[in-house]
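A look at the structure
This is what each chain is made of:
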Amino acid sequence: MDGPRPPAIDRLARSVSDIAYPHPLAVVAAREAVRSGRPEDVREIAVATMRNLIGPVVNATGVLLHTNLGRAPLLPRSRQAGPSTREAAVEPVRYRNIEIDLGTGKRDSRQRRLETLLRVLAGADSALVVNNGAAAVLLVLTALGRDRQVLVSRGELIEIGGGFRLPDVFAASGAELVSVGTTNRTRLDDYARALSDETALVLSVHRSNFTMEGFVQSTGVSELSTLGLPVIADIGSGLLDAATPWLPGPPPAWLAGEPDVRGSLAAGASLVCASGDKLLGGPQAGLILGRPDLVERCGSHPLARALRPGGLVLESLQETLLAYLRGDLDAMPFWKMASASLEELHGRAGKILAGAGGAGGAEIAEVTATAGAGSVAGSALPSIAITLVGDRRGALLAGDPPVVARAQGGRTVIDLRTVDPTDDDLLSEVISSLT
Ligand SMILES: *Cc1c(COP(=O)(O)O)cnc(C)c1O
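Worth saying up front: this structure is predicted, and the values here are computed from it rather than measured.

So, on to unusual backbone geometry. Each neighbour pair has its own omega, and for Asp400 with Pro401 the value is 0°, a cis peptide bond. On the secondary structure map, Pro401 appears in the loop between α15 (393–397) and β12 (403–404). The phi angle at Arg71 is positive, at roughly 55°, despite the residue not being glycine. Within the fold, Arg71 resides in the loop between β2 (63–65) and α4 (115–122). Even without being a glycine, Asp147 presents a positive backbone phi close to 65°. Along the chain, the position of Asp147 falls in the loop between α5 (133–145) and β4 (149–153).

Quick look at the sheet that holds strand β13 (residues 406–408) now. On the basis of which strands lie adjacent, the open sheet formed by 5 strands has the order β2-β10-β11-β14-β13 and mixed pairing. Edge positions in the sheet fall to β2 and β13, since each of these pairs with one other strand and no more. The sheet shows a mean angle of 45° between the axes of neighbouring strands, taken without regard to direction. Alignment of strand β11 (residues 381–389) against strand β14 (residues 411–415), held across 5 bridges, turns out to be antiparallel. Across the sheet, residue Ala385 finds its bridge partner in β14, namely Asp415.

Not every one of the 13 residues close to the ligand is listed here, only the nearest: Gly133, Ser208, Asp234, Ser275 and Lys278. Taking Gly133, its main chain carries an N or O atom lying 2.8 Å from an oxygen atom of the ligand. Surface burial for the ligand is 95%, taken as the share of its 380 Å² of free accessible area covered by protein chains. Those elements giving two or more residues to the shell around the ligand turn out to be α5 and β7 (231–236).

What counts and how
- Residues numbered from 1 in each chain as written.
- Predicted model: local features only at pLDDT ≥ 70, side-chain atom pairs only at ≥ 80, totals over all residues.
- Heavy atoms only, no water.
- Helix = DSSP H or I, 4+ residues; strand = E, 2+ residues; numbered from the N terminus.
- Pairing = 2+ DSSP bridges.
- Axes fitted to C-alpha atoms, helices over the stretch in contact; angles between N-to-C directions.
- Near = heavy atom within 4 Å.
- Polar contact = N/O pair within 3.5 Å; in protein donor to acceptor, adjacent residues only side chain to side chain.
- Areas by Shrake-Rupley, 256 points an atom, 1.4 Å probe, with all protein chains shown as cover.

So this is what it looks like as structure tokens:
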């Protein structure tokens, strides 16, 4: 009656020790394999578990800010410059100074450390960094609008995705949402008529992930600022300056019409809310920028403590901002990828194809990349891809590192715009190994 005894869990776990597997996780895999009645699957289970941990992938989707892939690409630590001028051969384990003022030796605010950099880059008098763009909006509404009214156009009651729906954020903040105008048209007068003693703020929200066409009208920040109340501009993307002085050429065409921090403040916004990991090209963070008294009220609200980022994020954001200030495109992976010329991409494609020896029916194609992450709605960046016959996404994902591609019209599209040129040889190898 009894079936064969299951092999000892521990022995099974040790059989996969060669894949540099932490033993306790190998035990979990062994248990799962035995439970499923297929102990011989232990290796497959162990490998799948390890591969699904957070790790590097080659993004060949052509989506520059891919939310599943951490949005903006970040420079590896070994390639970061940092503020120190002294280099050590072997990097010692060192603490990071997050909140000691080195002038006085006293503690200061970690959230406001990056203020000087943001003042220069975006003309913001004061700045507060929180966990993400959603946290920035929530904190502003809570600290400045709780138990008061906030005016928003009916055309701007957006959903960003991942559960960020403006009416829900209002409900969580305790600020009363007063919607004005209509879905397609909202005039200054609509705001003016809704003003009362209860009104604390006017909120202007960028439609970052959709467009409206036809019989439409909206009221911009400069007009709203004539109402005499603080205007909060939730621009979403975190574009610091629409003039893109950090790029060698003029601002790229796909960026046209995208609101920026500098422009929104200059137009009269009292505060701007923005994301650190959209067009800013940094780590996941939210920025609250603008009038010092309002930033101060946000920073001293108890919620600010709960929404503050950790030192890793602050340092990474600082690294990104320093790269802007140095005008060092090589240290700004997002902007470097976004601004690569078609000729450059074409040249790379030719070399990759030559290296791949025509495997997989590989060809060069002109394709369209996008900004992604619900920013710059409808953005289209001309790009160059290697395409393969059939849907080879599974085989590409199985590689080490995995290559994330897209499928289109019966072919697999490997868009080079989002691939670091350092990975081109790897792509040649990967493609030539496809059977
Ligand atoms: C993306 C976005 C947010 C949310 O920012 P996260 O950093 O994703 O939390 C808020 N408002 C607008 C207009 C956005 O585009």
